[in-house]
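Okay, here's what each chain looks like letter by letter:
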Amino acid sequence: MGFRLSGIGKALFSANQASSKLVDAPKGYLAVYVGEKMKRFMIPVSYLNQPLFQDLLSRAEEEFGYDHPMGGLTIPCSEDVFQHITSCLNGH
């Protein structure tokens, strides 16, 4: 199953419109919420093109659809796994 950036783009646009006052993200970054405590991380939008991150987005879509009540994307994994993945992405 391939990841369609256009679908998530629509969801991000809608979520951003609905919560633009709640989620202040610098230009080029996206707020995501991770782990049991829903810790907020700011990630570069360039991650959206990376296969490792696309796997996380596919899991988020399967678990939450396009309903992310925190105002940003909710990623269904532990903080440790998320930080490991982002550290791998930062190395590329």
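- The name recorded for the chain in an unreviewed UniProt entry is Small auxin up regulated protein, from Flemingia macrophylla.
- The UniProt entry for the chain carries this comment under Sequence similarities (unreviewed entry): "Belongs to the ARG7 family."

A short note on the nonpolar core
So, step 1. Grouped together as the largest cluster of nonpolar side chains are 16 residues, with contacts concentrated most on Val32, Val34, Ile43, Phe53, Leu56, Ile75 and Phe82.
So, step 2. When residues of this core are traced back to their parent elements, those giving at least two are strand 1 (29–34), strand 2 (39–44), helix 2 (51–64), strand 3 (73–75) and helix 3 (79–90).
So, step 3. Look past the residues within four positions of phenylalanine 53 in its chain and what remains in contact with it is Ile43, Tyr47, Leu48, Ile75, Phe82 and Leu89.

Structural notes on the environment of leucine 57
So, step 1. Tracing the sequence through the fold places leucine 57 in helix 2.
So, step 2. With 19 residues separating them along the chain, leucine 57 and proline 76 place their C-alpha atoms 8.9 Å apart.

Some words on the pairing of strand 2
So, step 1. Pairing between strand 1 and strand 2: 6 bridges, direction antiparallel. Within strand 2, the position partnered with alanine 31 by the bridge is methionine 42.
So, step 2. Linking two consecutive strands that pair antiparallel, namely strand 1 and strand 2, is a turn of 4 residues; a positive phi of about 85° is found at glycine 35 within it.

Calculation rules
For every chain, the first residue of the written sequence is number 1, and numbering continues from 1 onward in sequence order. Local features in this predicted model are restricted to residues whose pLDDT is 70 or higher, and side-chain atom pairs enter the listing and the counts only when it is 80 or higher, whereas totals over whole chains, interfaces and linings include all residues. To obtain the side-chain values, all non-hydrogen atoms of the structure were used and water was disregarded. UniProt positions are given in the numbering used here, feature names are shortened, and annotations may be inferred rather than shown by experiment. Put simply, a nonpolar core is a bunch of buried Ala, Val, Leu, Ile, Met, Phe, Trp, Tyr and Cys residues held in one set by side-chain atoms that sit within 4.5 Å of each other. Only protein chains enter the accessibility calculation, which uses a 1.4 Å probe; a residue whose area is less than 20% of its type maximum is buried, one above 50% is exposed, and one in between is partly exposed. Here a strand is any run of E in DSSP of at least two residues, a helix any run of H or I of at least four, and the numbering for each starts at the N terminus. Any two residues having at least one pair of non-hydrogen atoms within 4.5 Å are treated as being in contact. DSSP-based pairing: two strands are paired if at least 2 bridges between them are found.

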